[in-house]
Amino acid sequence: MVWISRMCYRKYGNFVDNLRLYVRGGSGGMGLPRLGGQGGKGGDVWVVAQKEMTLKRVKDKYPQKRLIAGVGTNSSVRALRGQKGEDQEVMAPPGITVTNDDGKVLGKLNTEGDRVLVARGGQGGSYHSEFLPSKGQTRQIRLDLKLIADLGLVGFPNAGKSSLLTALSHAKPQIASYAFTTLRPEIGKVMYEDHKQISVADLPGLIEGAHMNRGMGHQFLKHVERTRQLLFVVDVCGFQLASKTPFRSAFEAVQLLIKELELYKEDLPCKPAVLVVNKMDLPDAEDKLTELQEQLLNPHEFSHLLPDDMLPKNNMVFRHVVPISAATGFGIAHLKTCIRQSLDKDASMATESLHRDRLQALRGAVPAKNTLTWGPTASA
């Protein structure tokens, strides 16, 4: 069935994908030596995942970028055990990785309600500390958003990713005939007739050497990690980034894109992917498409087109290869159908896997039925 879509778009202005914060747990309260009273523990600082939250909002809410939890109350005659200081909670969007300044991962926020403790409160004064409290933990943390979207557009600059996002979702990213137009992620929402929504991320253009942080490098690749599937976009007639760089055919572009993903993280090319062959309105596009299809079917026969160090270890098998023209609208309806089928396939497989795991767990929890043990027979 061909899905006819009504599209809507939400543009995230002043996109913020990482934020550095100073956090400090609250100090503990003083103990009471003459009565053996214990001071209250200092409050903790947590980062908590909440839908609809963005790092831009976090930045606006805490302009000083400092979060300090409450101090524990002192022990007193009326309350020998002091009360715990108030916790400080920072709401952040799902999809956040929390690290310290050394790059150590403190935790990840994948779904709403996930919590990461980033600064512990100090202990209250007690007999063991001569009734003196300890200070709370202090550290600098980084909130790094690896953008979560259903689909991530992967392509070299000027492959037509922004034009495709416009055609799919009526978004209005910057579009021009020069290479670098997308400098920060743009998100489009495709809504189908049954109200199913699919998010598509147009990410900054990839260049050769991105895995070594050239161009937008790691800023691009970290976002690719957190998309469910990949939408490769190539110019059917090939491209040349600059006059001093070599011309790359569509097939070479596909191979180089796979290689860049592979060098950044070896399992990235294992994501389900659809290949979009754009600019089918150009002269000789049909012949170029036929050539590309033959090369994709027999990639090893054309490996001589690239140096050995630019060839991916493993070739990707695309679920669909869809020729389109983002400029004229040719093939867009079919592409939407392929996208939906691919995502629905994964959702169905995930549901089946979950049901199998639950059934297996249930079987393991049910004790075996009692069986009778018969004694020796009369003939024995």
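Note: the structure precedes this text.
Residues numbered from 1 in each chain as written. Predicted model: local features only at pLDDT ≥ 70, side-chain atom pairs only at ≥ 80, totals over all residues. Heavy atoms only, no water.

Some words on the overall build of the protein chain
For the protein chain, the count of helices and strands is 6 helices and 15 strands. Across the 380 residues of the protein chain, 46% fall into the buried class. A sequence separation of at least 24 residues applies to 73% of the contacts in the protein chain between residues at least 6 apart. As displayed, the protein chain offers around 20700 Å² of accessible surface, 51% of which is attributable to carbon and sulfur atoms. (Helix = DSSP H or I, 4+ residues; strand = E, 2+ residues; numbered from the N terminus. Buried < 20%, exposed > 50% of the residue type's maximum accessible area, 1.4 Å probe, protein only. Contact = heavy atoms within 4.5 Å. Areas by Shrake-Rupley, 256 points an atom, 1.4 Å probe, with all protein chains shown as cover.)

Some points on the environment of isoleucine 258
Within the fold, isoleucine 258 resides in helix H4 (residues 250–264). C-alpha of isoleucine 258 to C-alpha of proline 312: the two residues are 54 residues apart in sequence and 6.3 Å apart in space. Among residues more than four places away in sequence, those in contact with isoleucine 258 are Phe232, Pro269, Pro312, Asn314 and Met316.

Some remarks on the environment of glycine 152
Take glycine 152: it is sitting in strand S10 (residues 149–154). Through-space distance from the C-alpha of glycine 152 to that of phenylalanine 232 is 8.3 Å; in sequence the pair is 80 residues apart. Aside from chain neighbours lying at most four places away, what touches glycine 152 is Ala201, Thr227, Gln229, Leu230 and Leu231.

Concerning the sheet that holds strand S2 (residues 18–24)
Strand order in this open sheet of 5 strands is S4-S2-S9-S6-S7, and the pairing throughout is mixed. Edge positions in the sheet fall to strand S4 (66–68) and strand S7 (105–109), since each of these pairs with one other strand and no more. Neighbour-to-neighbour, the strand axes of the sheet open up by a mean angle of 25 degrees, direction not taken into account. Bridge count for strand S6 (residues 96–100) against S7 is 4 bridges, and the pairing is antiparallel. (Pairing = 2+ DSSP bridges. Axes fitted to C-alpha atoms, helices over the stretch in contact; angles between N-to-C directions.)

Digging into a negative patch on the surface
On the surface, Asp284, Glu286, Asp287, Glu291, Glu294 and Glu301 cluster together into a patch of negative charge. Looking at the element boundaries, glutamate 301 is found in the loop between helix H5 (285–297) and strand S15 (320–323). (Patch = residues over 30% accessible without salt bridge, like charges linked within 9 Å, V, L, I, M, F, W, Y side chains within 5 Å. Salt bridge = Lys/Arg side-chain N within 4 Å of Asp/Glu carboxyl O. Lys, Arg positive; Asp, Glu negative; His and termini not counted. Charge placed at Lys NZ, Arg CZ, Asp CG, Glu CD.)

Quick notes on H5
Compared with an ideal rise of 1.5 Å per residue, which puts 13 residues at 18 Å, H5 spans 18 Å between its outermost C-alpha atoms and is within 8% of the ideal. Those residues of H5 that fall on the buried side of the exposure criterion are Ala285, Leu289, Leu292 and Gln295. In a view along the axis of H5, the buried residues occupy a sector of 125 degrees, so they form one face of it. Along H5, the residues that are exposed and aim more than 90 degrees away from the buried face are Glu286, Asp287 and Leu297. Buried residues along H5 sit in contact with H4, strand S14 (273–278) and S15. (Expected span 1.5 Å × (residues − 1). Arc of directions from axis to C-beta.)

Side note on unusual backbone geometry
One non-glycine residue, lysine 65, lies in positive phi territory at about 55 degrees. Structurally, lysine 65 is set in the loop between helix H1 (55–61) and S4. Given a relative accessible area of 33%, lysine 65 falls into the partly exposed group. One non-glycine residue, glutamate 130, lies in the positive phi region at around 60 degrees. Relative to the assigned elements, glutamate 130 resides in the loop between strand S8 (115–119) and strand S9 (138–145). Here glutamate 130 falls in the exposed class, since its relative accessible area comes to 65%.

Notes on the pairing of S10
When you tally the buried positions in S10, you get 6 out of 6 residues, the bulk of the element. Note that S10 and strand S13 (residues 227–235) share 5 bridges and pair parallel. Residue pairing across strands places valine 154 opposite phenylalanine 232, the latter belonging to S13. As defined by bridge partners, S10 adjoins strand S12 (residues 197–202) across 3 bridges and the pair is classed as parallel. Looking across to S12, one finds that glycine 152 is bridged to alanine 201.

Examining empty space enclosed by the protein
Under the counting rule described, the total for this entry stands at 2 cavities of 30 Å³ or more. In this structure, the largest cavity encloses a volume near 40 Å³. If you go around the largest cavity, the residues you meet are Phe156, Pro157, Asn158, Ala159, Val233, Val234, Asp235, Phe239 and Ala253. If you tally residues by element for the lining of the largest cavity, the top one is S13, at 3 residues. Broken down by class, the residue content of the lining of the largest cavity amounts to 7 nonpolar, 1 polar and 1 charged. Considered as a void within the structure, the second largest cavity measures approximately 30 Å³ in volume. Lining the second largest cavity are Leu168, Val190, Tyr192, Ile198, Lys336 and Ile339. (1 Å grid on protein atoms, 1.4 Å probe; cavity = no way out; pocket = protein on both sides within 12 Å on 5 of 7 lines; lining within 4 Å. Points joined across faces, edges and corners; volume = space filled by probe spheres on them. Nonpolar A, V, L, I, M, F, W, Y, C, P; charged D, E, K, R; others polar.)

Some thoughts on a nonpolar patch on the surface
On the surface, a cluster of nonpolar side chains totalling about 250 Å² of accessible area is made up of Leu35, Val77 and Leu80. Structurally, the position occupied by valine 77 is in the loop between S4 and strand S5 (88–92). Assessed through its relative accessible area of 55%, valine 77 is described here as exposed.

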